[in-house]
Amino acid sequence: MSRRSSVNSTYSGRNRSNGDESEYKGAFISVVKTVNETISTRQQLTQALQYAGRNPTAKQVAKIWSDSPTGGIGFKDFCRIIKDFKPTSKSQLLAGFRKIDINGDGFISESELYRLFTARGEKMTKSEVKKLLDSADVNKDGRLDYDEFCDLMLSTTTRCKELINKKILKTTTTTTTTDEIETAKPVPIKRVSQASLQNTSDLYKRTAIIQKMTDAIVVKGPALTDVKTPKPKSLKGWSNAKSKGCFYVDSSDEIVGHTYKLELPFASNVHLAVQSSALKNDAESWTSTVDIGAFVFRESKSDDENKFLFVTECKDNGKNFWTGDLRSGSYVIIPFTSGCKLKSRDHNDDDLPLTRKDLNDEVKLTRPFCETLADIFELCDLDDNNKLSRDEFNWFQVRTNDEEVDDDAWKVVLENFETDEGEMTRKGFEELHLMQAQEEENDPQHEFIDMLKSVGFNGSLDLVQACPFQVEVFAKECNPLLSVASLSLPEERVMREAMFKSIESTSEVVPLKLIDELSWFVYFSDSRASSFMRNKTARAIEVNVNCSQSKNCMTSQRKDNFNLKVPAHGTVMVDHSLPAVESEKWSYHCCITKPTKTSSKPTSKRPSSVASSKKESILSIFK
């Protein structure tokens, strides 16, 4: 018997009502686009059953999946499968909670929850149990009234079904094209007012203008103090998730930074904000003025290329934001900065001493170096809990050594340095560097300087080539899940490709009559102008870029006149431009000609690598 026939025979002979089928359809299309597609993973099957109000165990899902056809589970098979699961009743939920409630007082305490989640399976820490309790403890008395909690769970399930039915009604009464579905407002949610559903990209009306001339452009922008952008509405009651991150300038002048994955279990009105920030002990730092934005892509399940949705354009109190509607699913958030303010800077040759010897001739770390290690710890502490998880310590290792933290390396950390609930403390981070200093046969000064430069500090312990930032997501109809996806390395060109896609999708195409083999794409807003060139031929083409007539502008190239080489069948950034003084009007004038002998040498940013002078892994002292 085939796998498909096995599924059919197992769940055959069961009738379903039209109402049930509508409910099942809503649950099914919450994890795939249409009923004509198939559920292709166990995770999708689990989510679809949960959206329909069922609560399958991992063992049950595994059994269904082992009997399913190799091509996945279609809608008809899903309808048969779901009939085998009865919705969880309140009496079943109460019975389960009463087993946990040892003293029978109708409440679940933190100690009772902790005893449950450390008795079997994957053990949770005390802090994880506390977070779980806090999320459900409405009156914040440290106890969970499980009778009320059961009512809340069941009402939430009912509400989810209502939303799904509204979603079906909306999609069946409205003709929608595939392209419209992929836009930033794919699933309007009926109960939210139309005004709140408006996308800030629709409301934002730029006042900057572009003039296209023969092989040249002029972008004229307003004083930013005069620009009125839509303000974010009250976010009171919205669920939110946030994370820290950091941009770094590499030795080849490439900017790399953290990227993020956003999961939305349901379609929702969403507010995304990104903001450059400063270290806690230096609130007035130049880093808080660095320009920042974010590209958002919808993660593709069918092919390797994610679909670009939008770039944040609106500003409010230093934050760059976007508000609009997103359907359920996975999204990639890529923060970016133009490089006009964050750029490679000359390192100070006056390196401060980083170690000293005490009266017993033992090597110690100097106090300024310990303070800088605390700053580096803060940059790596992405969830801002004053501890470094394995992933966060891994970002540090990748940045400084090009090495991942394997199981053995993390075991060394846990066994030799101060940790708290499986994460490295600030003291442990300092202990790690102290041990390295004491184990070095030679003066560790050079090794530490290399480490400092790789995370943006110079030898004088100033932060000069890195900029911390924050990402925050608010969702009105669901709990958003935000996680760090990677520290994008230059060779992956993640940020550059995102920049190309965003510019191309929202740009003006400027014809080049002098060099018609090139396509010139120009994006502009009230606060930025960016452009790139694409070579359609099989030979490299060199051009001259002249921006000397620009007024009140700072550029990422830092030159008014330069040659640029566009590789064969390749794409290269031309420049980014920002207003130098935001309270004044600005104009960016860029002219493209054939190269001249008087212009500077060709500029063609090569694929860079993480800082070339990486030090040996700090954990190598244990080998």
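Note that the structure is a prediction, hence the values are computed from the model and not measured.

### Brief notes about the pairing of strand β8 (residues 293-298)
The element β8 is extensively covered by neighbouring structure, given that six of its six residues are classed as buried. Of the two faces of β8, the one carrying Gly 293, Phe 295 and Phe 297 and the one carrying Ala 294, Val 296 and Arg 298 are both buried. Across six bridges, the pairing between β8 and strand β12 (residues 329-336) is antiparallel. The residue bridging Ala 294 from the neighbouring strand is Pro 335, located in β12.

### A look at the environment of Ile 82
Assignment of secondary structure puts Ile 82 in helix α5 (residues 75-82). Sequence separation between Ile 82 and Pro 56 is 26 residues, and the spatial gap between their C-alpha atoms is 9.8 Å. Those residues in contact with Ile 82 that lie beyond four places of it in its chain are Tyr 24, Leu 49, Ala 52 and Arg 54.

### Describing the pattern of salt bridges
Scanning the model with the defined rule gives 15 salt bridges in all. Among the salt bridges present, the one from Asp 384 reaches Lys 280, with a minimum N-O distance of 3.4 Å. Linking Asp 384 in the loop between α13 (367-380) and β15 (387-388) with Lys 280 in the loop between β7 (268-276) and β8, this pair joins segments that are 104 residues apart in sequence. Among the residues examined, Asp 384 registers a relative accessible area of 39% and is labelled partly exposed.

### Topic: the state of the cysteines
Structurally, a disulfide amounts to a covalent bond that connects the sulfur atoms of two cysteines. The final tally for this structure, using the stated rule, is zero disulfides. Free cysteine: Cys 380, not disulfide-bonded; nearest cysteine sulfur from Cys 246 at 8.4 Å. There is no disulfide at Cys 590, and the cysteine sulfur nearest it, in Cys 547, is 3.7 Å away. Under the relative-accessibility criterion, Cys 590 is labelled buried at 0%.

### Quick word on unusual backbone geometry
Backbone geometry at Asp 215 places phi at a positive 60 degrees, although glycine is not the residue there. Looking at Asp 215, the relative accessible area reads 8%, which means it is buried. The phi torsion at Leu 461 lies on the positive side, around 70 degrees, for a residue other than glycine. Tracing the chain through its elements places Leu 461 in the loop between α17 (445-454) and β18 (466-475). The class for Leu 461 is buried, based on a relative accessible area of 13%.

### Details of the sheet that holds β15
The strand order β15-β17-β16 describes an open sheet built from three strands, whose pairing is antiparallel. Because the sheet does not close on itself, it has two edges, and the strands there are β15 and β16 (419-420). Sheet topology places β16 next to strand β17 (residues 423-425); two bridges connect them, and they run antiparallel. By the bridge assignment for β17, Asp 420 is matched with Glu 423.

### Examining the nonpolar core
Phe 369, Ile 376, Phe 393, Phe 429, Met 451, Leu 452 and Phe 457 are the most contacted members of the largest nonpolar core, which has 34 residues in total. Listed by contribution, the elements that provide at least two residues to this core are β5 (239-249), α13, α14 (390-401), α15 (407-416), α16 (426-439) and α17. Counting residues per element, this core draws most heavily on α13, at seven residues. Membership of the second largest hydrophobic core comes to 28 residues, among which are Phe 247, Tyr 331, Phe 469 and Leu 482.

### So, the sheet that holds strand β20 (residues 508-510)
Across the sheet, five strands lie side by side as β20-β21-β22-β26-β24; this open sheet has antiparallel pairing. Edge strands, defined here as strands with exactly one partner in the open sheet, are β20 and β24 (553-555). On average, each strand axis in the sheet is tilted by 25 degrees relative to the strand beside it, whichever way the strands run. Bridge count between strand β22 (residues 529-535) and strand β26 (residues 571-579): six bridges; the pairing is antiparallel. The partner of Ala 529 across the bridge, within β26, is Ser 577.

### Notes on the environment of Lys 341
Among the secondary structure elements, Lys 341 is positioned in the loop between β12 and β13 (355-357). Residues Lys 341 and Ser 556, 215 residues apart in the sequence, show an inter-C-alpha distance of 7.8 Å. In contact with Lys 341, not counting residues within four places along its chain, are Trp 286, Thr 289, Val 290, Asp 291, Met 554, Leu 578 and Glu 582. A distance of 3.0 Å separates a polar atom in the side chain of Lys 341 from the backbone oxygen of Thr 289.

### As for helix α4 (residues 58-67)
Taken together, the buried positions of α4 are occupied by Val 61, Ile 64 and Trp 65. An end-on view of α4 places all buried positions within 100 degrees of arc, on one side of the element. Seen from the buried face of α4, the exposed residues on the opposite side, beyond 90 degrees, are Lys 59 and Lys 63. Looking at the packing, one finds that the buried side of α4 touches α3 (42-51) and α5.

### With respect to the pairing of strand β23 (residues 541-546)
Pairing geometry for β23 and strand β25 (residues 561-566), over six bridges, is antiparallel. Note on β25: the bridge partner recorded for Val 543 is Leu 564.

### Comments concerning the side chain of Thr 537
Its location among the elements puts Thr 537 in the loop between β22 and β23. In terms of polar contacts, Thr 537 uses its side chain to reach the side chain of Asn 535, at 2.8 Å. In this view, Thr 537 contacts Glu 517, Ala 568 and His 569; residues no more than four positions away in its chain are not counted.

### Observations concerning the environment of Glu 430
By secondary structure assignment, the location of Glu 430 is in helix α16. Among the residues examined, Glu 430 registers a relative accessible area of 35% and is labelled partly exposed. Along the backbone, Glu 430 and Phe 369 are 61 residues apart, and their C-alpha atoms lie at a distance of 9.7 Å.

### Description of the packing of α13 against α17
Taken N-terminus to C-terminus, the directions of α13 and α17 make an angle of 35 degrees; their axes are 12 Å apart at the nearest point. Note on packing geometry: the crossing formed by α13 with α17 is left-handed. Only Phe 448, Met 451 and Leu 452 of α17 make contact with α13, whose side of the interface consists of Phe 369, Thr 372, Leu 373 and Ile 376. For the contact of α13 with α17, the residue count by class is six nonpolar, one polar and no charged.

Rules used throughout
- Residues numbered from 1 in each chain as written.
- Predicted model: local features only at pLDDT ≥ 70, side-chain atom pairs only at ≥ 80, totals over all residues.
- Heavy atoms only, no water.
- Buried < 20%, exposed > 50% of the residue type's maximum accessible area, 1.4 Å probe, protein only.
- Helix = DSSP H or I, 4+ residues; strand = E, 2+ residues; numbered from the N terminus.
- Pairing = 2+ DSSP bridges.
- Contact = heavy atoms within 4.5 Å.
- Salt bridge = Lys/Arg side-chain N within 4 Å of Asp/Glu carboxyl O.
- Disulfide = S-S within 2.5 Å.
- Core = buried A, V, L, I, M, F, W, Y, C linked by side-chain atoms within 4.5 Å.
- Axes fitted to C-alpha atoms, helices over the stretch in contact; angles between N-to-C directions.
- Polar contact = N/O pair within 3.5 Å; in protein donor to acceptor, adjacent residues only side chain to side chain.
- Arc of directions from axis to C-beta.
- Left-handed = near helix turned anticlockwise from the far one by under 90°.
- Nonpolar A, V, L, I, M, F, W, Y, C, P; charged D, E, K, R; others polar.

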